[in-house]
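Read off the chains here:
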Amino acid sequence: MHIPTRLALLAACAASLALPAAAQPAGPIKVGLMLPATGTFAALGDMIEKGFKLHVQEQGGKLAGREIQYFRVDDESDPSKATDNVNKLIKRDQVDVLVGTVHSGVALAMAKAAKESNTLLIVPNAGADAITGPMCGPNIVRSSFSNWQPGYSTGVVAAQKGYKRAMTITWNYAAGLETVKGFTEAFEKGGGKVIKDLSLPFPGVEFQALLTEIAAQKPDVVFAFFAGGGAVKFVKDYDAAGLKKSVPLFGSGFLTDGTLEAQGAAAQGLQTTLHYADSLDIPKNNAFRKSFALTYKQNADVYAVQGYDAAQLLAAGLNAVKGDMGKRDAMLGAMRKATVDSPRGKFTLSAGGNPVQDMYLREAKGPNNEYRSVAVKALADPARGCKL
Ligand code: BEZ
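Just so it is clear, the structure is predicted and the values come from calculations on it, not from any experiment.

Let's talk about the packing of helix H11 (residues 283-296) against helix H12 (residues 302-320)
Any two packed helices are characterised by how steeply their axes cross, that is the angle between the axes, and by the distance between the axes. At a minimum axis distance of 12 Å, the contact between H11 and H12 shows a crossing angle of 105°. Here H12 runs roughly perpendicular to H11, going by the angle between their axes. For the pair formed by H11 and H12, the contact residues are Lys 284, Phe 288 and Phe 292 on the first element and Ala 304, Val 305, Tyr 308 and Gln 312 on the second. Tallied by class, residues from the contact of H11 with H12 come to 5 nonpolar, 1 polar and 1 charged.

With respect to the nonpolar core
Core analysis: the biggest nonpolar cluster contains 76 residues, and Phe 226, Phe 234 and Leu 314 have the highest contact counts within it. Examining the composition of this core, we find that 11 residues originate from one element, H12, more than from any other. Counting only domains with at least three residues in this core, you end up with domain 1 (29-145 + 280-349) and domain 2 (148-274). Setting aside chain neighbours within four positions, we find Phe 234 in contact with Ile 169, Phe 207, Leu 211, Ala 224, Phe 226, Leu 249 and Leu 255. Membership of the second largest hydrophobic core comes to 23 residues, among which are Val 73, Leu 89, Ala 128 and Met 135.

A short note on the confidence of the model for the protein
Summing up the model confidence of the protein, the mean pLDDT is 94 and the portion of residues at 70 or higher is 94%. Low pLDDT, under 50, characterises residues 1-22; the predicted model gives this stretch 3 contacts beyond four residues in sequence or across chains.

Description of unusual backbone geometry
Backbone torsion omega between Gly 100 and Thr 101 reads 0°, so that peptide bond is classified as cis. Within the secondary structure, Thr 101 sits in the loop between strand E4 (97-99) and helix H4 (104-117). Put simply, Phe 202 and Pro 203 share a cis peptide bond, and its omega is 0°. Backbone geometry at Lys 218 places phi at a positive 45°, although glycine is not the residue there. Mapped onto the elements, Lys 218 comes out in the loop between helix H7 (208-217) and strand E9 (221-225). Judged by its relative accessible area of 60%, Lys 218 is exposed. The backbone of Ala 378 shows a phi angle near 40°, a positive value even though the residue is not glycine. The class for Ala 378 is partly exposed, based on a relative accessible area of 43%.

Overview of the domain arrangement of the protein
A common way to state how big an interface is: give the accessible area lost once the parts meet. Its domain assignment divides the protein into domain 1 (29-145 + 280-349) and domain 2 (148-274). The C-alpha-based centres of domain 1 and domain 2 are spaced at 28 Å. Listed per partner, the contact involves 15 residues of domain 1 and 18 residues of domain 2. Between domain 1 and domain 2 the total buried area reaches about 1,200 Å² when both faces are included, carbon and sulfur atoms providing 63% of it. The three residues of domain 1 that bury the most area against domain 2 are Thr 40, Asp 129 and Phe 145, which together make up 39% of that side's buried surface.

Comments concerning the site of the ligand
Lining the immediate environment of the ligand, one finds 15 residues, of which Val 102, Ser 104, Gly 127, Tyr 173 and Ala 175 sit closest. For the ligand, an oxygen atom lies 2.6 Å from a polar atom in the side chain of Ser 104. In this structure, Tyr 173 approaches the ligand through a side-chain N or O atom, which is 2.6 Å from an oxygen atom. When atom positions are compared with the pocket grids, the ligand is found to occupy the largest cavity.

The rules behind each value
Residues numbered from 1 in each chain as written. Predicted model: local features only at pLDDT ≥ 70, side-chain atom pairs only at ≥ 80, totals over all residues. Heavy atoms only, no water. Axes fitted to C-alpha atoms, helices over the stretch in contact; angles between N-to-C directions. Helix = DSSP H or I, 4+ residues; strand = E, 2+ residues; numbered from the N terminus. Parallel < 35°, antiparallel > 145°, perpendicular 65-115°, else oblique. Contact = heavy atoms within 4.5 Å. Nonpolar A, V, L, I, M, F, W, Y, C, P; charged D, E, K, R; others polar. Core = buried A, V, L, I, M, F, W, Y, C linked by side-chain atoms within 4.5 Å. Buried < 20%, exposed > 50% of the residue type's maximum accessible area, 1.4 Å probe, protein only. Domains from an automatic or database assignment. pLDDT = per-residue confidence, 0-100. Buried area = accessible area lost by both parts, 1.4 Å probe. Near = heavy atom within 4 Å. Polar contact = N/O pair within 3.5 Å; in protein donor to acceptor, adjacent residues only side chain to side chain. 1 Å grid on protein atoms, 1.4 Å probe; cavity = no way out; pocket = protein on both sides within 12 Å on 5 of 7 lines; lining within 4 Å. Sits in = over half its atoms within 2 Å of the grid points.

Below you can see the structure in the form of structure tokens.
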């Protein structure tokens, strides 16, 4: 054999020994979707999954060149089953990344299991403040919000409108209580006073006694946190009780997101704040809504956006390491430093791993939560208790 040819052959053999095939990222990335498929939050879980899969589909079905394999568990929005459910994904299916969930109580159990097993967790909805507060960790990020954020921004708006006496009403669990806390903080800072907090157990919908109490107290404004099926019933009952005409109803945007069709006339005109508005007129939102409607023959909502952005966050990490999840620190670092080009507008993550984002005032009009104004610009969760 000619000498240069033999040298080239030897060099090629040495190179292949230095980089064995096994060192290359291979096989699919296993994504564990833990979302509600039944119960009052079922529609929310469905939209998150659709949003996540839409982004993957737009990348040709792969992220950073790796196929995505899905594993699913219906968490039923039931905290008592959460640890068993998440372990089906971590231990049985051995997923590379967990995506979930909607309900704050279930997500708290997921975060605990993710910390203990060091599994990457992307939270596409549940706002439990502790997840990006005292429980924060390098392997946990959120593509949604903390409960404090929409509560706080609604409190800012209610105070600006000059209301002085407020009542609050919600489900008695982390999301409801923390959202009300955020509302109260901003509303009282702005000169108002919360005169009474009302609550009922999750996912109860027996609102009559509480509505009677609101009618008796006659506050200037009511702040409500409900979502999904419960929000549909609450908004209809509030109207049917005659309260919509006499006591303005405010809420975090979950009160009217993904629910307007079912709420009908009862929801029209309701003002809420949230990190998304259907009619937000920016190129990314317009393209996203078009793509979502074409793919699924239905309109997107905030839950679809959060699912889409969970996939965008994962993609940011995977792209930085060319799909090699073995380069874990580099991947997690890239996710935390990413600027996500979201349909809600661009956002970054705080030190605790929670979106720093604009909060919008919206008004329910026809089938949409229409953009009215920016309620609070670049609102960052205080991440109380997060040490990283
Ligand atoms: C929660 O439990 O964190 C939650 C559920 C539905 C909408 C928003 C928050």
